[in-house]
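# Remarks on the overall topology
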Amino acid sequence: MTDDFRHEGPRRVGQVKEVTSLANPIIKDIKALSLKKARDESRTFLAEGLKLVIDALDRGWTIRTLVYAKAGKGKPLVEKVAARTVAAGGLVLEVSEKVMSSITRRENPQMVAAVFEQRWTALTDIQPNGSETWIALDRVRDPGNLGTIIRTADAAGASGVILVGDCTDPFSLETVRATMGSMFALPLVKTTSAEFLKWKKSVDARLVATHLAGAVDYRTIDYKSKPVILMMGNEQSGLPDDLAQAADKLARIPQVGMADSLNLAVATGVMLFEVRRHLLTLEGAK
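Owing to the predicted nature of the structure, the values given are computational and were not obtained by experimental measurement.

### Digging into the overall build of the protein chain
A tally of helices and strands in the protein chain yields eleven helices and twelve strands. Its C-alpha atoms give the protein chain a radius of gyration of 21 Å, near enough to 19 Å, the size a compact globule of 286 residues would have. Overall, the C-alpha framework of the protein chain stretches about 60 × 45 × 40 Å when taken along its three principal axes. Counting all 286 residues of the protein chain, 49% fall into the buried class. Put simply, of all contacts in the protein chain between residues at least 6 apart along the chain, 81% involve residues at least 24 apart. When the accessible surface of the protein chain is summed, it comes to about 14,000 Å², and 51% of that surface belongs to carbon and sulfur atoms. Treating the 39 positive side-chain charges of the protein chain as one cloud and the 34 negative ones as another, the clouds have centres 2 Å apart.

### Focus on the environment of Arg252
Structurally, Arg252 can be placed in strand 12 (residues 249-252). On the accessibility criterion, Arg252 (45% relative accessible area) is partly exposed. For the pair formed by Arg252 and Ala267, sequence separation is 15 residues and the distance between their alpha carbons is 9.7 Å. Contacts of Arg252, omitting those with residues within four sequence positions, involve His211, Leu212, Ala215, Val216, Asp217 and Tyr218.

### A few points about helix 9 (residues 193-202)
Residues of helix 9 that are buried: Phe196, Trp199 and Lys200. Along the axis of helix 9, the buried positions cluster into a sector of 105 degrees, meaning they face one direction only. Relative to its buried face, helix 9 has exposed residues pointing more than 90 degrees away, namely Ala194, Lys198 and Lys201. Looking at the buried side of helix 9, the elements it contacts are strand 6 (133-138), strand 7 (160-164), strand 8 (188-191), strand 9 (206-210), strand 11 (228-232) and helix 10 (241-246).

### Examining the pairing of strand 8
Looking at chain direction, strand 7 and strand 8 are connected through four bridges and run parallel. Of the residues in strand 8, the one forming a bridge with Val161 is Leu188.

### Things to note about a nonpolar patch on the surface
On the surface, a nonpolar cluster with roughly 230 Å² of combined accessible area is contributed by Phe273, Leu279 and Leu280. Accessibility expressed as a relative area gives 38% for Phe273, which makes it partly exposed.

### Overview of the confidence of the model for the protein chain
With 94% of its residues at a pLDDT of at least 70, the protein chain reaches an overall mean of 91. Contacts from residues 3-14, a stretch scored under 50 in pLDDT, to residues over four places away or in other chains number 35 contacts.

### Some details on the pairing of strand 6
Burial analysis of strand 6 places six of its six residues in the buried class, the great majority of the element. In strand 6, alternate side chains face the same way, and those of Thr133, Ile135 and Leu137 on one face and Trp134, Ala136 and Asp138 on the other are all buried. Both strand 6 and strand 7 contribute to a ladder of five bridges, which runs parallel. Bridge assignment links Ala136 to a residue of strand 7, and that residue is Ile162. For the handedness criterion, the β-α-β arrangement of strand 6, helix 7 (residues 143-156) and strand 7 is classed as right-handed.

Cut-offs used in this document
- Residues numbered from 1 in each chain as written.
- Predicted model: local features only at pLDDT ≥ 70, side-chain atom pairs only at ≥ 80, totals over all residues.
- Heavy atoms only, no water.
- Helix = DSSP H or I, 4+ residues; strand = E, 2+ residues; numbered from the N terminus.
- Rg over C-alpha atoms; globule rule 2.2 N^0.38 Å.
- Buried < 20%, exposed > 50% of the residue type's maximum accessible area, 1.4 Å probe, protein only.
- Contact = heavy atoms within 4.5 Å.
- Areas by Shrake-Rupley, 256 points an atom, 1.4 Å probe, with all protein chains shown as cover.
- Lys, Arg positive; Asp, Glu negative; His and termini not counted.
- Charge placed at Lys NZ, Arg CZ, Asp CG, Glu CD.
- Arc of directions from axis to C-beta.
- Pairing = 2+ DSSP bridges.
- Patch = residues over 30% accessible without salt bridge, like charges linked within 9 Å, V, L, I, M, F, W, Y side chains within 5 Å.
- Salt bridge = Lys/Arg side-chain N within 4 Å of Asp/Glu carboxyl O.
- pLDDT = per-residue confidence, 0-100.
- Right-handed = clockwise from strand over helix to strand, strands pointing away.

Quick look at the structure:
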């Protein structure tokens, strides 16, 4: 990748460039972020939309490159984000709509997109306490499910999301879109099944997992006396035996009708709001 994009070595003063060619090497690097390999190698990802970019900057995420369409030039919020990017040593690109569509893979693209550095939290740094709720996802495969779960976790006041095993990449464009900016608000952890099981033994938290066998009604479990780690299984196969056996409680959501299961993101939302129910109130409600 180009030096402009990677910012290797000392961070240099930001600058603004006008780009109209799809063959521009920096544009090629940004487009390559649709591939996990490129995201892993550069440890960066693409986020689109002015609100998402502002949210990320406000929460201290490191911006590498800001891209805005010519139509955004002169708009106060776009100009402000461009100035913040320059001040942070990032690169600012003013591009044609054709280039923006190519980057975002949309016919009607957002006016602004940006490349940010990835941010991961180490599992060993997580020590659940008080009324915290952490979500652990075993081999979640669908980007939309993961993004929706991250968004729901943020809405419910969860403390973070732990990805166990071979999960889909939270920094893919599809997942980032589905989080609607919530990924910038929550710690993300990735770990192996063995590391997760070892960590679980070292923390004083209740591991509640959804499971079909030997499970109790999810509404009857004590979610108040300890921090909770809510564990959800793979979309197709559910939880493997070793993770299920490590749970302090196995929960099940009662169902009727022909459907034999719930969508993973929906099931996680149902569970999460029950876990957090005693902590959530409507502002101004009696």
